[in-house]
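# Working through the structure, step by step
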Amino acid sequence: MIAVKRDGHVLGEHQIDWVIDAYTRGVVAEEQMAALAMAIYLNGMDRGEIARWTGAMIASGERMDFSGLSRPTADKHSTGGVGDKITLPLAPLVAACGVAVPQLSGRGLGHTGGTLDKLEAIPGWRAHLTNEEMLAQLEGIGAVVCAAGSGLAPADKKLYALRDVTGTVESLPLIASSIMSKKIAEGTGSLVLDVKTGSGAFMKREADARELAATMVALGDDAGVRTVALLTDMDTPLGLTAGNALEVRESVEVLAGGGPADVVELTLALAREMLAGAGRDDADPADALASGRAMDVWRRMIAAQGGDPDAALPKAAETQVILAETDGVLARLDAMAVGVAAWRLGAGRSRPGEEVQAAAGVELHAKPGDRIRLGQPLVTLHTDTPERFERAAAALADAWTIDDTGCDLRPVVIDRI
Ligand code: URA
């Protein structure tokens, strides 16, 4: 099979079923799967192979069933970005509009943050729930953000960890099958995909992100999950924060009716899609946000998982401010550089299982399009370990452009697929 893919041929259906099953059982060795993943990375897969690979990963574990709930379900998945805290305000917001949101989330990967790492910055909050606890919370409160149980698509768990350390994350067939196997196995009725494109995304080029979106939408629809994708900008970070507690703070600001305009815009756009997918087009998410109903659900959702929604969030032991060295307009603020800086400050991991710093991260004081004055604060770095400042600042050395040539901003939502 490795040679078939290496030589650019198509894998047979039985070959795919066999290799996924054998890898999950430990019969196919990690180094063999690493070689196959690299061959797939280099030579791709056709739509038929991707569908079969996804099906085999679903079949590697259990499937959940939310059909017994009294409300329809909708879920959202982002392909990963910098400052992407949208799940935090979005899940309670959609639940406040009468739709159940079973949001199985992950940890940070490389320069991108993870929803579970963010929520763990809240004192007492726990990510691991039993299936029974999850269902009870969905029925009672309407929103759950938790870790996927080990029984859901176990083939993806192994393969994802392997891809992370073998340079094979940024592969369209492997990303599409990884995301969709988990979402289909989870059993949501409808799904909204937030497919990122730009410097901080895994798919940098818009054409690749479009193809990824179309592939995932087809996989979802074929499996009976109503699926749409929004293609969204990840050239610049979302909002003004990247880092765990910093992003929780910003999310709570959004739930309180404030927060950065791009975070509010994307939260509402995704909420409208989720509500439409669940047959609740009549609900008004802007009203649920403004009235405080979404905030009420947030508080109950956090408390149900042991967290104290009123507890002070952790603050970093040290901060360092970087000042603007010129006047002008902020024409570019690079998402990848900010993501790497937050990671180096301690917000992300360099090895699987490593502890992250709850308070570490990057706080931005301006967004592209803003006028900047010489000497004004541009960025504040937060960490408990100040020896990390130097490498984080180095990641930001070419992170922005300030000049007077104008600024060509992409919209937050580029397209709907
Ligand atoms: N998120 C996933 O769950 N899988 C990928 O392969 C990439 C992003």
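Residues numbered from 1 in each chain as written. Predicted model: local features only at pLDDT ≥ 70, side-chain atom pairs only at ≥ 80, totals over all residues.

Secondary structure assignment for the chain yields 16 helices and 13 strands. In terms of overall size, the chain behaves like a compact globule, its C-alpha atoms giving a radius of gyration of 21 Å where 417 residues would be expected to give roughly 22 Å. With respect to the three principal axes, the spread of C-alpha positions in the chain is 65 × 50 × 35 Å. In the chain, buried positions account for 52% of the 417 residues. Here the contacts in the chain between residues at least 6 apart in sequence split such that 80% fall between residues at least 24 apart. (Helix = DSSP H or I, 4+ residues; strand = E, 2+ residues; numbered from the N terminus. Rg over C-alpha atoms; globule rule 2.2 N^0.38 Å. Buried ≥ 20, exposed ≤ 12 C-beta atoms within 10 Å, placed from the backbone. Contact = placed C-beta atoms within 7 Å.)

The next point concerns the nonpolar core. Formed by 128 residues in total, the largest nonpolar core has its most connected members in Val94, Ala95, Val99, Met216 and Ala341. Element by element, the count of residues in this core is highest for helix H15 (residues 335-347), at 10 residues. Contacts of Ala95, omitting those with residues within four sequence positions, involve Ala100, Val101, Ile141, Gly142, Ala143 and Val297. (Core = buried A, V, L, I, M, F, W, Y, C linked by C-beta atoms within 7 Å.)

Taken together, Thr79, Gly80, Tyr160, Leu174, Ile175, Ser178 and Ile179 are the residues near the ligand. Element by element, the count of residues in the shell around the ligand is highest for helix H9 (residues 172-186), at 4 residues. Tallied by class, the residues present in the shell around the ligand amount to 4 nonpolar, 3 polar and no charged. (Near = placed C-beta within 6 Å. Nonpolar A, V, L, I, M, F, W, Y, C, P; charged D, E, K, R; others polar.)

Domain annotation for the chain reports domain 1 (2-44), domain 2 (74-150 + 168-304) and domain 3 (318-403). Averaged C-alpha coordinates put domain 1 and domain 3 at centres separated by 40 Å. (Domains from an automatic or database assignment.)

Bringing the packing of helix H8 (residues 154-164) against H9 into the picture now. Contact geometry for H8 and H9: axes closest at 11 Å, N-to-C directions at 145°. Read as a crossing pair, H8 and H9 show a hand that is left-handed. Contacts from Asp156, Tyr160 and Arg163 of H8 reach H9 at Leu174, Ser178, Ser181 and Lys182. Of the residues assigned to the contact of H8 with H9, the class counts are 2 nonpolar, 2 polar and 3 charged. (Axes fitted to C-alpha atoms, helices over the stretch in contact; angles between N-to-C directions. Left-handed = near helix turned anticlockwise from the far one by under 90°.)

Take the pairing of strand S11 (residues 377-383) next. The buried fraction of S11 amounts to 5 of the 7 residues, a majority that puts the element mostly inside the structure. Direction of pairing for strand S7 (residues 318-323) relative to S11: antiparallel, over a ladder of 6 bridges. Opposite Ile322, over in S11, you have Val379 as the bridge partner. (Pairing = 2+ DSSP bridges.)

Let us look at the packing of H9 against helix H10 (residues 206-222). Contact geometry for H9 and H10: axes closest at 10 Å, N-to-C directions at 40°. Taken together, the axis directions place H9 and H10 in an arrangement best described as oblique. Crossing hand, H9 versus H10: right-handed. In contact with Leu172, Ile175, Ala176, Ile179 and Met180 of H9, H10 contributes Asp208, Glu211, Leu212, Thr215, Met216, Leu219 and Gly220. Residues belonging to the contact of H9 with H10 are distributed by class as follows: 8 nonpolar, 2 polar and 2 charged. (Parallel < 35°, antiparallel > 145°, perpendicular 65-115°, else oblique.)

Here we come to the sheet that holds strand S6 (residues 241-242). The sheet built from 4 strands is open, its strands ordered S6-S9-S11-S7 with antiparallel pairing. The open sheet has two edge strands with one neighbour each: S6 and S7. Contacting S6, strand S9 (361-364) and S11, H15 runs over the sheet at an angle of about 135° to S9.

Turning our eyes to something else, we now look at helix H5 (residues 87-96). Counting buried residues along H5, 10 of its 10 residues qualify, which places the element largely inside the surrounding structure. Every buried residue of H5 is listed here: Thr87, Leu88, Pro89, Leu90, Ala91, Pro92, Leu93, Val94, Ala95 and Ala96. Positive phi shows up at Gly98, right after H5, with a value of about 95°.

Let us now look at the pairing of S9. Here S9 shows no split at all, with Gly361 and Glu363 on one side and Val362 and Leu364 on the other all buried. For S6 and S9, the ladder comprises 2 bridges, and the chain directions are antiparallel. For Thr241, the partnering residue across the bridge sits in S9 and is Glu363. Pairing of S9 with S11 involves 4 bridges; the strand directions are antiparallel. The residue bridging Leu364 from the neighbouring strand is Val379, located in S11.

With that out of the way, let us pick up H8. Structurally, the α-helix is built with 3.6 residues per turn, so residues lying three or four positions apart point the same way. Listing the buried residues of H8 in full gives Ala155, Asp156, Lys157, Leu159 and Arg163. Tucked inside the fold, the buried residues of H8 contact helix H2 (13-24), helix H3 (30-43), helix H4 (47-59) and H9.

Looking at the element boundaries, Thr401 is found in strand S12 (residues 400-403). On the basis of neighbour counts, which here come to 15 C-beta atoms within 10 Å, the residue Thr401 falls in the partly exposed class. As a C-alpha pair, Thr401 and Arg332 span 69 residues in sequence and 5.1 Å in three-dimensional space. If near-sequence neighbours (up to four positions away) are discounted, Thr401 is found in contact with Ala331 and Arg332.

Our focus in this paragraph is unusual backbone geometry. A positive phi angle, close to 40°, is found at Ala153, a residue other than glycine. Along the polypeptide, Ala153 turns up in the loop between strand S3 (143-147) and H8.

Strand order in the open sheet formed by 3 strands is S10-S8-S12, with antiparallel pairing between adjacent strands. Every interior strand has two partners, whereas the edge strands, strand S10 (371-372) and S12, have only one. Bridge analysis of strand S8 (residues 328-333) against S12 gives 4 bridges, and the strand direction is antiparallel. Counterpart to Val329 in the pairing with S12 is Asp403.

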